[in-house]
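# Observations on the model geometry
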Amino acid sequence: MTAPIMHETKTHGKLSFPYTVYRGIIPEYIRSYPLHWHDEMEIIYVKSGRGIVTVQTSKHILETGDMIILLPQMVHSIEQLENMHMEYFNILFQFSLLGGIAGDSCYEKYFKPLYEHTRTITPYLPVSSQLNTLLLPYVCNLIENRKQDVGDYALMIKSNLLAIMHYLNLHSVQVSEGELSLQSTYDKLKKLLSYVQANYDKPISIAKAADICGFSASHFMKLFKELTGRTFAQYLKDFRLEMAAGLLADGTQKIIEVAENTGFNNHSYFTRSFIDKYGISPSEYKKVNLQKID
């Protein structure tokens with residue numbers, strides 16, 4: 001298991017055809033995926049169960065049949081709801097796949113406003129919503145045919161995605177000045193998330209975090225809590241534990257090495273924190289995941 005990242009820079013799918021569909025299961029595959037963003041458009045569809053997806057400042061509890069629409073570069077996370085199971089699919093693609101390039105009339109009218117967030121879409125689409133119903137046939141077709149050879153299915157993929165974008169544009173709305181200001185704040189927060197990704201094994205003070213975002217310490221602490229629902233200290237500890245869980249599941253490092261490599265200098269504190277988050281000790285977690293590999 002590789003450590004999750006804040007800004008996904010890899011291309012989902014192929015460079016020549018930037019599109020893919022992933023299947024996820026919580027908690028069998030992962031228990032949570034921390035705050036991150038990427039340049040692709042993403043659609044999350046819940047096949048069964050319940051889970052939590054946070055988009056920007058809003059936390060949504062998803063159930064069977066619900067969807068989440070994520071515009072490019074939207075900060076989001078996925079996590080387990082209590083001890084529940086959730087099976088879901090992620091459909092990711094770049095606008096360039098659909099002929100959306102700068103200067104093209106379709107790009108300027110339909111893609112650019114969504115990419116630059118001057119127009120937006122309500123992210124949460126419950127199963128009973130009109131837009132969910134409109135998108136469902138195209139989303140299901142993409143999921144059902146996800147194992148088809150792209151070369152043979154390319155036109156059908158594009159036609160489904162274009163239909164999806166058509167309905168999303170019809171339901172999009174102009175972004176308010178307040179929302180544009182909030183997006184600017186999130187852009188500053190992304191710098192910090194990238195810094196945490198690269199330096200989570202080292203001490204990161206509130207003063208350092210605030211400086212990266214360009215805020216005073218007091219304003220940063222208040223703003224971070226408002227935007228993420230937790231303090232920076234809580235977020236950093238949680239992120240380190242998620243990195244530790246990935247390393248434990250991989251099984252190549254000793255537990256004390258995992259603790260040290262994820263920023264926990266006190267082994268007892270690491271064990272207590274891990275139990276609080278995952279319900280079992282690091283050694284038990286490692287043993288369970290190694291058995292899955294076998």
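This is a predicted model, so every value here is computed, not measured. Numbering of residues begins from 1 in every chain and follows the order in which that chain's sequence is written. The predicted origin of the model limits local features to residues at a pLDDT of at least 70 and limits the giving and counting of side-chain atom pairs to 80 or more, whereas totals for whole chains, interfaces and linings rest on all residues. Side-chain measures here rest on the full set of heavy atoms in the structure, leaving out hydrogens and waters.

### A short note on the pairing of strand β4 (residues 41–49)
One requirement defines pairing of two strands: DSSP has to find at least two bridges between them. A run of H or I in DSSP becomes a helix once it reaches four residues, and a run of E becomes a strand once it reaches two; helices and strands are each numbered from the N terminus. Strand direction decides the pairing type here: β4 and strand β9 (residues 86–93), joined by eight bridges, are antiparallel. Counterpart to E42 in the pairing with β9 is L92.

### Here we look at the confidence of the model for the protein chain
Predicted confidence across the protein chain gives a mean pLDDT of 89, with 93% of residues reaching 70 or more. Confidence per residue, as judged by the predictor, is encoded in pLDDT with a range of 0 to 100. Whether two residues touch is decided by their heavy atoms; if any such pair falls within 4.5 Å, the residues are in contact. Note that pLDDT drops below 50 for residues 1–5; the model gives that stretch 13 contacts with residues more than four away or on any other chain.

### Looking at the pattern of salt bridges
One speaks of a salt bridge when a side-chain nitrogen belonging to Lys or Arg is within 4 Å of a carboxyl oxygen belonging to Asp or Glu. For the structure shown, the criterion picks out nine salt bridges. For R230, the salt bridge goes to D238, with nearest N and O atoms at 2.9 Å. Note on classification: 1.4 Å probe, protein chains only; a residue is buried when its accessible area is under 20% of the maximum for its type, exposed when over 50%, partly exposed between these limits. A relative accessible area of 17% means that D238 is categorised as buried. Among the salt bridges present, the one from D238 reaches K277, with a minimum N-O distance of 2.7 Å. Here D238 is found in helix α7 (residues 232–250), whereas its partner K277 is found in helix α9 (residues 267–278), with 39 residues between them in sequence. For K277, a relative accessible area of 28% corresponds to the partly exposed category. Within the structure, one salt-bridge network assembled from shared partners comprises R230, D238, E242 and K277.

### Regarding α7
To estimate how far a helix should reach, multiply one less than its number of residues by 1.5 Å. Compared with the 27 Å implied by 1.5 Å per residue over 19 residues, the 27 Å span of α7 between its first and last C-alpha is a close match. Of all 19 residues in α7, 14 are buried, a share of seventy percent or more.

### A word on the sheet that holds β4
Spatial strand order, β2-β9-β4-β7-β11: five strands in an open sheet with antiparallel pairing. Of all the strands in the sheet, just β2 (19–26) and β11 (124–125) have a single pairing partner and so form its edges. Only the stretch in contact is used when fitting a helix axis, every axis being a line fitted to C-alpha atoms; angles between N-to-C directions are given from 0 to 180 degrees. Running at roughly 85° to strand β7 (residues 67–70), helix α2 (residues 130–144) makes contact with β2, β4, β7, β9 and β11 of the sheet.

### Focus: the environment of D39
Within the secondary structure, D39 sits in the loop between β3 (32–38) and β4. Through-space distance from the C-alpha of D39 to that of Q73 is 5.2 Å; in sequence the pair is 34 residues apart.

### Examining the pairing of β3
Summarising burial for β3: six of the seven residues are buried, a large majority. Both β3 and strand β8 (residues 76–80) contribute to a ladder of three bridges, which runs antiparallel. Within the sheet, the bridge partner assigned to Y33 lies in β8 and is I78.

### Re the nonpolar core
By nonpolar core is meant a set of buried Ala, Val, Leu, Ile, Met, Phe, Trp, Tyr and Cys residues that side-chain atoms within 4.5 Å join together. If you look at the biggest cluster of nonpolar residues, it comprises 44 residues, and the most contacted ones within it are Y19, I91, F93 and L161. Listed by contribution, the elements that provide at least two residues to this core are β2, β4, β5 (51–55), β7, β9, α1 (105–115), α2 and α3 (150–170). Here this core gets seven residues from one element, more than from any other, and that element is α3. In this structure, I91 is in contact with Y19, T20, V21, M41, E42, I43, V139, L142, I143 and L161, ignoring residues within four places of it in sequence. Counting 23 residues, the second-largest nonpolar core is a separate cluster that includes L192, A209, A210 and L236.

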